[in-house]
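Structural overview
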Amino acid sequence: EEFQGGTFTVSNMGMFGVSNFTAIINPPQACILAVGGAKKKILPDDANDRGFRTATTMEVTLSSDHRSVDGALAAVWINAFQKYIENPAKLLL
């Protein structure tokens, strides 16, 4: 009964200092999104005088049950998620 009618789960281990992990799908869930913690990284940036910039990054992993979700559709979803998480203002459009 605990998982009855569920379709998608978000598992957040980032608050415990975990940077990335793979979550296990609990039936009848179709997908689970594993969210790691945010951390600062140095990235190359040709537009910056110093040649680099700092950015806060976060790793997520999407696991899906391929009996109910096609892998290509899961890839489309995770790409859309990345677009919105990188620029939340797009959610308002």
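The following refers to the structure shown. This one's a predicted model, so the numbers in the text were calculated from it and none came from an experiment.

1. Some words on unusual backbone geometry
Most peptide bonds take the trans form, and the phi angle of most residues other than glycine is negative. Between Pro27 and Pro28 the backbone carries a cis peptide bond, its omega angle lying at 5°. Within the element layout of this structure, Pro28 appears in the loop between β1 (8-12) and β2 (31-44).

2. Some details on the side chain of Asp65
With respect to the helices and strands, Asp65 occurs in the loop between β3 (52-64) and α1 (71-86). Since its relative accessible area comes to 17%, Asp65 is described here as buried. Once residues within four sequence positions are removed from consideration, Asp65 is found in contact with Ile25, Gln29 and Ala30.

3. Let's talk about the pattern of salt bridges
The tally for this structure, following the rule as stated, stands at two salt bridges. Across the salt bridge formed by Arg53 and Asp45, the nearest N and O atoms sit 3.9 Å from each other. What makes Arg53 partly exposed here is its relative accessible area of 37%. The shortest N-O distance in the salt bridge between Asp65 and Arg67 comes to 2.8 Å.

Conventions we followed
- Residues numbered from 1 in each chain as written.
- Predicted model: local features only at pLDDT ≥ 70, side-chain atom pairs only at ≥ 80, totals over all residues.
- Heavy atoms only, no water.
- Helix = DSSP H or I, 4+ residues; strand = E, 2+ residues; numbered from the N terminus.
- Buried < 20%, exposed > 50% of the residue type's maximum accessible area, 1.4 Å probe, protein only.
- Contact = heavy atoms within 4.5 Å.
- Salt bridge = Lys/Arg side-chain N within 4 Å of Asp/Glu carboxyl O.

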